[in-house]
Amino acid sequence: MPVSVLLLARQYEFFLFSNSHLVTKTFLIVAYAFLISKLVLPYFTSPLRPLPAPQTSHFFLGHSQEIEGLPPGQVFRKWIEQVPNQGVIHYKGYLHLGSAIHVTTPEAMMDVVSTHAYHYEKPGMARKLLSMILGNGLVNVEGDEHKKQRKNVTPAFSGRHIKDLVPIFWAKGHQLGDVISREARKDGSLEVTAPISRATLDIIGSACIGKDFNTLENSDNALAKQYSSLFDIKSIDMLLYYLTNEILPYWLAKWIPLRATVTISQAASRLREITSDLLTEKQQGMNDGIRHQNDIIAILTRTGNFTDDTLTDQLLTFLAAGHETTSSTLSWALYILATHPDIQIRLRNELQPLLHTDSVMTADILDSSSYLQAFLSELLRLYPAAPLTTRVTLRPTTIANIPIPTGVLVIIPIWALNRASSTWGPDADLFRPERWMEDSVKGGAPALAFNTFLHGPRSCIGQGFARYELKALLAALLARFEFELAQGQGEPVPDGMFTVKPRGGLRVKVREL
Ligand code: HEM
């Protein structure tokens, strides 16, 4: 294939310098230079060429053609298992524009996210997109600014504060139960991802700013609408958005009326307006009672380390990062419960005595069920809400002792690493909570094989929050309903660009106990 392309290039050269007008000629020269510099040269000169790569590369499409049609992560897993490698594999994207490496072992991943974490940053494209939606909150800052923000935000996510939030999670679990009961048809069937998403948005509102948006009862809420327009962007529209922004400069790309560009810019500006109004409202009501409020923004305000603008950035960040992630995980939980009646029964049996001992739910009660803990870990392992993340090298570095130059895109395939049979054994794909109760796991051996919240200084700050929230919601729902799949609901296809949910929703059938 490369030979035929070179021949084509020769013919093009000949055409260029023989018979065309000046303007056409200039245009053709620019296009030619682009073709050579972006497509042909990288093919022969990329420093990544010596690294092992899957054999099925296409000259123009690279390895991207293998990814299409497969659920996120699966192709990385195939390559990890089939391509002999020492910790990294070279992945070639469309037209070489997306050329990257992906890590293949927990140790290689740790070099990227922990040992040399600050040799990397999030890729420019992802940061541009995130800064439109989230501003410059914790998710989207780099280097010293990240270190400073992380230090200032961490106390608000301490175990003590998060445990205080459990009654909020529990009460919302009950309200979600009421909505499920009301929305279920006569045969007990209903689509659950939408009410779940509204419940987790309400929770993040109460926990972050002390305000229950009550979108569970009022789905017309402006905030809920903006988030669902963002999270419902189709993968193909997002891909077009990425490609356009990768090829063209930002000032030009933003004028191209792609569906994703329009949705993102409208939702982003509306979200900032709503969030800054929320903050103003909070500050007006805060002066008297602030010392007694235990929501995250109240705690951050008390530190005196944040201005109004930086608080708005953090609020935007927590609302987005802490809402769709837990909602997608709970949706997969209901799929697992509906398809594993034995697990569902065991979980309910174990929870029932705990739930009746006290009308007030506490973190200690939730912690006392080891099977719930194991169920949740297995759920998070097999259904990570973010199936992969990316970095770009800021300087020459090493991954698994392999030298990697500056400017290389590094993919961390969370989903694939979580399912590695080299760590989890031949039943790695099986949903088996018991594995978390076995001595080898309790001893912490495969800690690095569980990457759902990542590791290192950029690991998820909301991990404890998410775990208690999910435990409380699961306990509330299991105490009230029996779940099975609704008629016609097949195996869900994972889909989504930001977080991964069942494509087209999930229909379950509930029976009230
Ligand atoms: C099941 C639920 C969740 C999952 C699977 C999850 C996953 C992740 C992952 C993989 C990252 C690292 C992303 C990267 O650096 O590329 C991350 C970062 C982050 N998450 Fe979560 N998350 C969850 C829930 C939450 C919640 C509930 C909150 C807040 C209330 C939250 C707030 C954040 C923040 C602020 C960061 C950025 C941390 C930093 O860069 O220092 N997340 N999350």
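Residues numbered from 1 in each chain as written. Predicted model: local features only at pLDDT ≥ 70, side-chain atom pairs only at ≥ 80, totals over all residues. Heavy atoms only, no water.

The protein chain goes by Cytochrome P450 in an unreviewed UniProt entry, where it is assigned to Pseudovirgaria hyperparasitica. Taken directly from UniProt, the Cofactor (unreviewed entry) text for the protein chain runs: "heme". (UniProt positions renumbered as here; feature names shortened; annotations may be inferred.)

## Side note on the pattern of salt bridges
Charged atoms that come close allow side chains of opposite charge to pair. Within this structure, the stated rule accounts for 28 salt bridges. Among the salt bridges present, the one from Glu482 reaches Arg511, with a minimum N-O distance of 3.2 Å. Here the residue Glu482 occupies a position in strand E9 (residues 481-485), and Arg511 occupies one in strand E12 (residues 507-512), the gap between them amounting to 29 residues. A network of salt bridges, in which partner residues are shared, links Glu378, Arg381, Asp427, Arg432, Arg435 and Glu438. (Salt bridge = Lys/Arg side-chain N within 4 Å of Asp/Glu carboxyl O. Helix = DSSP H or I, 4+ residues; strand = E, 2+ residues; numbered from the N terminus.)

## Observations regarding the site of the ligand
His146, Arg150, Thr389, Arg391 and Cys460 are the nearest of the 27 residues found near the ligand. Contacts to the ligand include Arg150, whose side-chain N or O atom sits 2.7 Å from an oxygen atom. For the ligand, an oxygen atom lies 2.8 Å from a polar atom in the side chain of Arg391. Of all the secondary-structure elements, those providing two or more residues to the shell around the ligand are helix H7 (143-153), helix H17 (324-339), strand E5 (389-393) and helix H24 (463-480). It is H17 that provides the largest number of residues to the shell around the ligand, a total of three residues. Its residues assigned to classes, the shell around the ligand shows 14 nonpolar, nine polar and four charged. (Near = heavy atom within 4 Å. Polar contact = N/O pair within 3.5 Å; in protein donor to acceptor, adjacent residues only side chain to side chain. Nonpolar A, V, L, I, M, F, W, Y, C, P; charged D, E, K, R; others polar.)

## Some details on the pairing of strand E2 (residues 100-103)
Both faces of E2 are covered, namely the face carrying Ala100 and His102 and the face carrying Ile101 and Val103. Relative to E2, strand E1 (residues 88-91) is paired through four bridges, and the arrangement is antiparallel. Looking across to E2, one finds that Tyr91 is bridged to Ala100. Bridge count between E2 and strand E8 (residues 409-412): three bridges; the pairing is parallel. The partner of Ala100 across the bridge, within E8, is Leu409. (Buried < 20%, exposed > 50% of the residue type's maximum accessible area, 1.4 Å probe, protein only. Pairing = 2+ DSSP bridges.)

## Some words on the sheet that holds E2
The mixed open sheet is built from five strands, whose spatial order is E1-E2-E8-E5-E3. The open sheet has two edge strands with one neighbour each: E1 and strand E3 (120-121). Of the strand pairs in this sheet, E5 and E8 are connected by four bridges, and their pairing is antiparallel. Bridged to Thr389 within E8 is Ile412.

## Some thoughts on the domain arrangement of the protein chain
According to the domain assignment, the protein chain contains domain 1 (1-45), domain 2 (52-134 + 387-423) and domain 3 (143-380 + 452-512). On the side of domain 3, 32 residues touch domain 2, which itself brings 23 residues to the contact. Counting the surface lost from both domain 2 and domain 3, the interface buries some 2,400 Å², and carbon and sulfur atoms represent 75% of this. Contact with domain 3 buries surface across domain 2, with Tyr118, Ile133 and Leu134 losing the most and accounting together for 28% of the total. Joining domain 2 to domain 3, the criterion identifies zero salt bridges. There are two residue pairs in polar contact (both at pLDDT 80 or more) connecting domain 2 and domain 3. Elements that contribute at least two residues to the side of domain 2 that touches domain 3 include exactly helix H5 (106-115), helix H6 (124-134), E5 and helix H21 (414-418). (Domains from an automatic or database assignment. Contact = heavy atoms within 4.5 Å. Buried area = accessible area lost by both parts, 1.4 Å probe.)

## A word on helix H10 (residues 193-209)
For the α-helix, the turn length of 3.6 residues means that residues three or four positions removed from each other point alike. Helix length check: H10 (17 residues) gives 24 Å between terminal C-alpha atoms against 24 Å at 1.5 Å per residue, within 8%. Most of H10 is tucked away, with 16 of its 17 residues classed as buried. Positive phi shows up at Gly210, right after H10, with a value of about 70°. (Expected span 1.5 Å × (residues − 1).)

## Quick look at the confidence of the model for the protein chain
Averaged over all residues, the pLDDT of the protein chain equals 85, while 84% of them reach at least 70. Predicted confidence is poor over residues 1-9, with pLDDT under 50, and the contacts of this stretch with residues over four places away or in other chains come to eleven contacts. pLDDT under 50 marks residues 11-17. Its contacts with residues more than four places away, or in other chains, come to eleven contacts. The ipTM value of the predicted complex is 0.99, and its pTM value is 0.88. (pLDDT = per-residue confidence, 0-100.)

## Side note on the coordination of the iron atom of the ligand
Among protein atoms, the single one acting as a donor to the iron atom of the ligand is Cys460 (SG), 2.3 Å away. Looking at the secondary structure, you find Cys460 in the loop between helix H23 (439-442) and H24. (Donors = N, O, S within 2.8 Å, 3.2 Å for Na, K, Ca; no water.)

## A few points about the packing of H10 against helix H16 (residues 308-321)
For the pair H10 and H16, interaxial distance at closest approach is 9 Å and the crossing angle is 150°. Handedness of the crossing formed by H10 with H16: right-handed. Of H16, the residues touching H10 (which contributes Ile204, Gly205, Cys208 and Ile209) are Leu315, Phe318 and Leu319. In terms of residue class, the contact of H10 with H16 is built from six nonpolar, one polar and no charged. (Axes fitted to C-alpha atoms, helices over the stretch in contact; angles between N-to-C directions. Left-handed = near helix turned anticlockwise from the far one by under 90°.)

## Points about the side chain of Thr317
Looking at where Thr317 falls in the secondary structure, it is placed in helix H16. In terms of polar contacts, Thr317 uses its side chain to reach the backbone carbonyl oxygen of Asp313, at 2.7 Å. Other than its neighbours up to four places away in sequence, Thr317 contacts Leu134, Gly137, Leu138, Val139 and Gly322.

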